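Summary of the model geometry
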Amino acid sequence: VGEILHELYQGRVATQYVDLNSREGQERYPEVAKLAREGRVEVPVVAIDGQIKLSGYLFVPALVQEIDALLKARAGQGDE
């Protein structure tokens, strides 16, 4: 998925896989790891700019929709 998004957005986005069950995942993202342990979110969890956008599935068209909306909003901020 990372390769698809990197190609689609010509390097303007970066992706990272983090195992929430690993020590590193629990230390770096304790709030998300806790939500997963409590069953409040399902893995995989997809966060964009630190906000959970998708939980329980990984669907490229949904990711593209979220990224496009974020990029459009950022582009609009530059017009003000």
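Please refer to the structure higher up on the page.
The structure contained in this document is the topic of the report that follows. Since the model is a prediction, treat every value here as computed from it, not as a measurement.

A closer look at the pattern of salt bridges
- Here the structure, examined in full by the defined rule, presents six salt bridges.
- Here E24 and R28 are joined by a salt bridge, their closest N and O atoms 3.0 Å apart. Of this pair, E24 and R28 both sit in helix α2 (residues 23-28), four residues apart, which is roughly one turn of that helix.
- Given the relative accessible area of 38%, R28 is considered partly exposed.
- K34 is the salt-bridge partner of E38, the closest N and O atoms lying 3.7 Å from each other.
- Each of K34, E38 and R40 takes part in one network of salt bridges that share partners.

What to know about helix α3 (residues 30-37)
- Taken residue by residue, α3 has V32, A33 and L35 as its buried positions. Taken around the axis of α3, the buried residues stretch over an arc of 160°, which confines them to a single face. Residues of α3 that are exposed and point more than 90 degrees away from the buried face comprise E31 and R37.
- Looking at the buried residues of α3, the elements they touch are α2, β1 (45-48) and β2 (51-55).
- G39 lies just past α3 and shows a positive phi near 80°.

Digging into unusual backbone geometry
- Between V43 and the following residue, P44, the backbone shows a cis peptide bond with an omega angle of 0°.
- You can see P44 is positioned in the loop between α3 and β1.

Quick notes on the nonpolar core
- With ten residues, the main nonpolar core is built from L5, Y9, V13, V46, I48, L54, A62, L63, V64 and I67.
- Sorting elements by how many residues they give to this core places helix α4 (residues 60-77) first, with four residues.
- Beyond its immediate chain neighbours, meaning those up to four positions away, A62 contacts L54 and Y57.

Quick look at the environment of P61
- Along the chain, the position of P61 falls in helix α4.
- For P61, a relative accessible area of 48% gives the class partly exposed.
- Distance in space between the C-alpha atoms of P61 and K72 is 16 Å, their sequence separation being eleven residues.

Conventions adopted
- Residues numbered from 1 in each chain as written.
- Predicted model: local features only at pLDDT ≥ 70, side-chain atom pairs only at ≥ 80, totals over all residues.
- Heavy atoms only, no water.
- Salt bridge = Lys/Arg side-chain N within 4 Å of Asp/Glu carboxyl O.
- Helix = DSSP H or I, 4+ residues; strand = E, 2+ residues; numbered from the N terminus.
- Buried < 20%, exposed > 50% of the residue type's maximum accessible area, 1.4 Å probe, protein only.
- Arc of directions from axis to C-beta.
- Contact = heavy atoms within 4.5 Å.
- Core = buried A, V, L, I, M, F, W, Y, C linked by side-chain atoms within 4.5 Å.

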